[in-house]
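# Structural overview
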Amino acid sequence: MSRPDFFARPPEWAKLEDSDEPPAQQPPTVSRGRPRSRRWRKSRLKGLGEQAAGPDFRWPSAAPAQVGPPPARQSGVPGLDARAGAGAKPNGTGDGTDGIRTKAKKGKRRGARAATAPSAKRLPQASRTPLERQRLVRRAAGLLALYVGIFVVVVVALSLLPDGGRRTPNPPRTPQPAQPELAATWSVQPSELRPDLGAGAELVGPVDGTFDPNRVVAIGTTWAVLSGDAEDRRIAVHGLDARTGAALWRTDLPNGLCAASPVKSRLVCAASTATDPATGLGTRWRISLLDPATGRETRGVDFTGWLTLIHADGDRVMLVEQRQPAPHAVLTGLDADLRQRWQLDLADQPQHDGLFSDNRIYYRKLPIPDGPALDRPRIRKVADGLTALWSGQTTAFVDLRSGKLAGMPRCSRLVDDGERLWCNDGPLAVSYSYTLRKLHQTALNTRLAFPDRDPRAGDVTDPVFLQSDGRAVRVDLATGKTLGPLAQTRNGSAFGMITSPKATFVAGLTLLSDSSMMFAVDARSGKLHWQGQKPRSLGDAWAWREKLLFTDSVVRVLDPADGKEQAAYRQRHGLYTVLVGDTLVGIGPDEIARLVDP
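A brief structural summary.

The rules behind each value
Residue positions are given per chain, counting from 1 as you read along its sequence in written order. Since the coordinates come from a predicted model, pLDDT governs what is reported: local features require at least 70, and pairs of side-chain atoms require 80 or more to be given and counted, while whole-chain, interface and lining totals use all residues. Values reported for side chains reflect all heavy atoms of the structure, with hydrogen atoms and water molecules removed beforehand. Here, strands pair whenever DSSP counts at least two bridges between them. To qualify as a helix, a DSSP run of H or I must reach at least 4 residues; to qualify as a strand, a run of E must reach at least 2; elements of each kind are numbered from the N terminus. Orientation is described by axes fitted as lines to C-alpha atoms, over the contacting stretch for helices, and by angles from 0 to 180 degrees between their N-to-C directions. To pair, rings of Phe, Tyr and Trp, with the six-membered ring standing in for Trp, must have centres within 6.5 Å; the planes then decide the type, stacked if under 30 degrees apart, edge-to-face if over 60, and tilted in the middle. In our convention, an over-ring charge means Lys NZ or Arg CZ found within 6 Å of a ring centre and within 35 degrees of that ring's normal. Criterion for a disulfide: a pair of cysteine sulfur atoms at a distance within 2.5 Å. Think of it in three bands: with a 1.4 Å probe and only protein chains considered, a residue is buried below 20% of the maximum accessible area for its type, exposed above 50%, and partly exposed in between. We define a polar contact as two N or O atoms separated by no more than 3.5 Å, with the added condition that, inside protein, one atom must be a possible hydrogen donor and the other a possible acceptor, whereas residues neighbouring each other in sequence contribute only through side-chain atom pairs. Whether two residues are in contact is decided by their heavy atoms, any of which lying within 4.5 Å being enough. Note on patches: the residues involved have over 30% relative accessible area and no salt bridge, like charges join within 9 Å, and the nonpolar side chains Val, Leu, Ile, Met, Phe, Trp and Tyr join within 5 Å. Only the protein chains shown count as cover for residues, with accessible areas throughout obtained via the Shrake-Rupley method and a probe of 1.4 Å. Think of a salt bridge as a Lys or Arg side-chain nitrogen and an Asp or Glu carboxyl oxygen that are within 4 Å of each other.

## Topic: the sheet that holds strand β41 (residues 583-588)
- On the basis of which strands lie adjacent, the open sheet formed by 4 strands has the order β1-β42-β41-β40 and antiparallel pairing. A single partner strand is all that each edge strand has here, and the edge strands are β1 (184-188) and β40 (576-580). Taking the axes of each pair of neighbouring strands and ignoring which way they run, one obtains an average angle of 20° across the sheet.
- Judged from the 5 bridges that link them, β40 and β41 form a sheet pairing that is antiparallel. When the bridges of β41 are listed, Y576 appears paired with I587.

Okay, here's the thing in structure tokens:
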């Protein structure tokens, strides 16, 4: 309870105060946590309550009260008390001195409480002795020296790390001169091949129904391409002279598909002869071997099924169905004369439904009804002769000669490292023997990067493993244990989605790139060959005449030894740039062109 400043207590009242001092017989204690509340203690209030009030009760005599303003309070700062006393006005006059007096009162009350527990609060700065101030200065200087030393040690340690162990800042992009345009020796528009469709004609790809970039089938000097309308209907296959672009022949293929590889120098194609009235999907087909010089059928058979993909390898052909109602996958094997040798119904396999998805991602606009469909099917040749149908989260491993299903595990981003198979299985990667026996697995959240490669070099590559933040790490392929960092890649983002670093195996190098940097490494040994800023336009990587070739809207030629760019050209012919042998081909819905060498 506050008291009026002009009231002075008689000296005799001092003994009525509730003292905060502990009893003499107890050791002093330090207050912890909340301060102990003041309670009414009869035994400690001397002189009050010891005698009952009555006629004989008398208050102790008090000294006369002081009249007038209270004495000036002392701040302890030389000169300040004199100035404050000189300008003080009673009852606060708004000249600023009333604020000073209020703060002094609060400080006095806090100081009174602190006086009973000296260890609870530090002394004010002005009351410290010169020796104490010197100690504080020395302590602050010591802490500063310690922090500076730690900073220097960290900087030196980072400077001693190898280049592959840390991510260097991106150099500023400098404006590049405009690249020359890559010319074409010939170019053909789909309207020239399909006058019956006119401006609505398009080139259709991939030709085989997979998600692989198979847009041209090369047989000798003939290139075969598919054309159709904007809905991928009214399909026809065309033979073009690879040297001049001249149209050699045309064969109509309703709902047509053609294998990306020939069988005995013949083009393998399928055309529907009957369709499902509810969906428009083909249910009866004519499977044909076509002469690449004339387009005429040299042999053909009828096939009943919901065909969606055709694949040829050597003297074997595999037909892939996704029957309705989905999901229901069936594989059929043919020999070089198109005779059926085997058939596998995969519906009873434990991981069968993982082949399908509702995501509806296609290269071909097939009239598949809403619901499950094969999820971006790809074909790989692995394990010394097995053909892998990788679709969605499942891969089926089949021997095309015998028709035996070697296994069908949960398996995405399939990689054959030359001795074993690697698959992503949920949040980690798993290795299998070539007989599909499970061997090892990686640590949690260490998974395979998407295995891009130059398809002309085959499907045996070095696997690349990424952690959840996009950092590339080395993994012991014999045990699955993480060995350490491979490259300082990071996840990126595009359209609000996380994008993972890209891994491409080409010309014996593993190229890793994220949104800003590119690294050329040996994924097995961890050796860093070179690193540099990633070009804005990169695209697919190819081995081309002892150089690295990147094909996108800009075609770039790099030295594989140091990654230096040797040439760059704008590519305006077709949406995609692919290699047929060593020849660059620009192809898209509106054009196919044979390009000059860069």
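## Re the packing of aromatic side chains
- With the rule as written, the count across this model stands at 3 aromatic pairs.
- Between W186 and W223 the ring centres are 5.8 Å apart and the planes differ by 50°, which places this aromatic pair in the tilted class. Here W186 is found in strand β1, whereas its partner W223 is found in strand β4 (residues 222-228), with 37 residues between them in sequence.
- With a centroid separation of 5.7 Å and 40° between ring planes, the pair formed by W390 and F450 is classed as tilted. Remark: F450 occurs in the loop between β25 (446-448) and β26 (451-453) and W390 occurs in strand β18 (residues 386-391); sequence separation between them is 60 residues.
- One residue, R215, lies across the ring of Y576, its end atom 3.6 Å from the ring centre.
- Over the ring of W390 we find R378, and its NZ or CZ is 5.1 Å from the ring centre.

## Some words on the state of the cysteines
- All told, the structure shown has 2 disulfides when counted by the stated rule.
- The disulfide that involves C258 links it to C269, with 2.1 Å between the sulfurs. The chirality of the disulfide connecting C258 with C269 is right-handed, given an S-S dihedral of about 105°. With C258 in strand β7 (residues 257-258) and C269 in strand β8 (residues 267-275), this residue pair connects regions lying 11 residues apart in the sequence.
- Classification of C269 by relative accessible area gives buried; the value is 1%.
- Each sulfur in the disulfide pair C411 and C423 lies 2.0 Å from the other. The chirality of the disulfide connecting C411 with C423 is left-handed, given an S-S dihedral of about -70°. Within this pair, whereas C411 is found in the loop between β20 (405-407) and β21 (412-416), its partner C423 is found in strand β22 (residues 421-425), the two being separated by 12 residues in sequence. C423 shares its class with C411; the two are buried.
- Counting only the cysteines that form disulfides, in the order they appear in the protein chain, gives the pairing 1-2, 3-4.

## Some details on the side chain of N255
- Within the secondary structure layout, N255 lies in the loop between β6 (247-252) and β7.
- At a separation of 2.9 Å, a polar atom in the side chain of N255 contacts the side chain of S272.
- Every residue in contact with N255, bar those within four places of it in the chain, is listed here: R233, I235, A270, S272, T275, G280, G282 and W285.

## Comments concerning a nonpolar patch on the surface
- Together, L143, L146, Y147, I150 and V154 give the surface a local cluster of nonpolar side chains, amounting to about 480 Å² of exposed area.
- Topologically, L143 is positioned in helix α3 (residues 130-160).

## Quick notes on the pattern of salt bridges
- As enumerated under the stated definition, the model contains 27 salt bridges in all.
- Close ionic contact of R380 with D212 constitutes a salt bridge, the shortest N to O distance being 3.1 Å. Taken together, the residues R380 in strand β17 (residues 378-382) and D212 in the loop between β2 (202-204) and β3 (217-219) connect sequence positions 168 residues apart. Taken individually, R380 and D212 each receive the classification buried, so the pair is uniform in this respect.
- Between R556 and E565 there is a salt bridge; the shortest N-O distance is 2.9 Å.

## A word on the sheet that holds strand β33 (residues 509-513)
- Here we have 5 strands laid out as an open sheet, ordered β26-β32-β33-β34-β35, and mixed in their pairing. The sheet is open, and its two borders are formed by β26 and β35 (528-533), each paired with just one other strand. The mean inter-strand angle of the sheet, taken between neighbouring strand axes irrespective of direction, is 20°.
- Of the strand pairs in this sheet, β33 and strand β34 (residues 517-521) are connected by 4 bridges, and their pairing is antiparallel. Bridging from a neighbouring strand, L512 pairs with F519 of β34.

## Looking at unusual backbone geometry
- Following Q324, the chain continues into P325 via a peptide bond in cis, with omega recorded as 0°.
- Mapped onto the elements, P325 comes out in the loop between β12 (316-322) and β13 (329-334).
- Phi angles above zero are rare outside glycine, and K264 is one such case at about 50°.
- Summarising the element assignment, K264 is placed in the loop between β7 and β8.
- Residue K264 is classed as exposed on the basis of its relative accessible area of 60%.
- Although it is not a glycine, R413 adopts a positive phi angle of roughly 55°.
- With respect to the element layout, R413 can be found in strand β21.
- Relative accessible area serves as the criterion here: at 24%, R413 is assigned to the partly exposed category.

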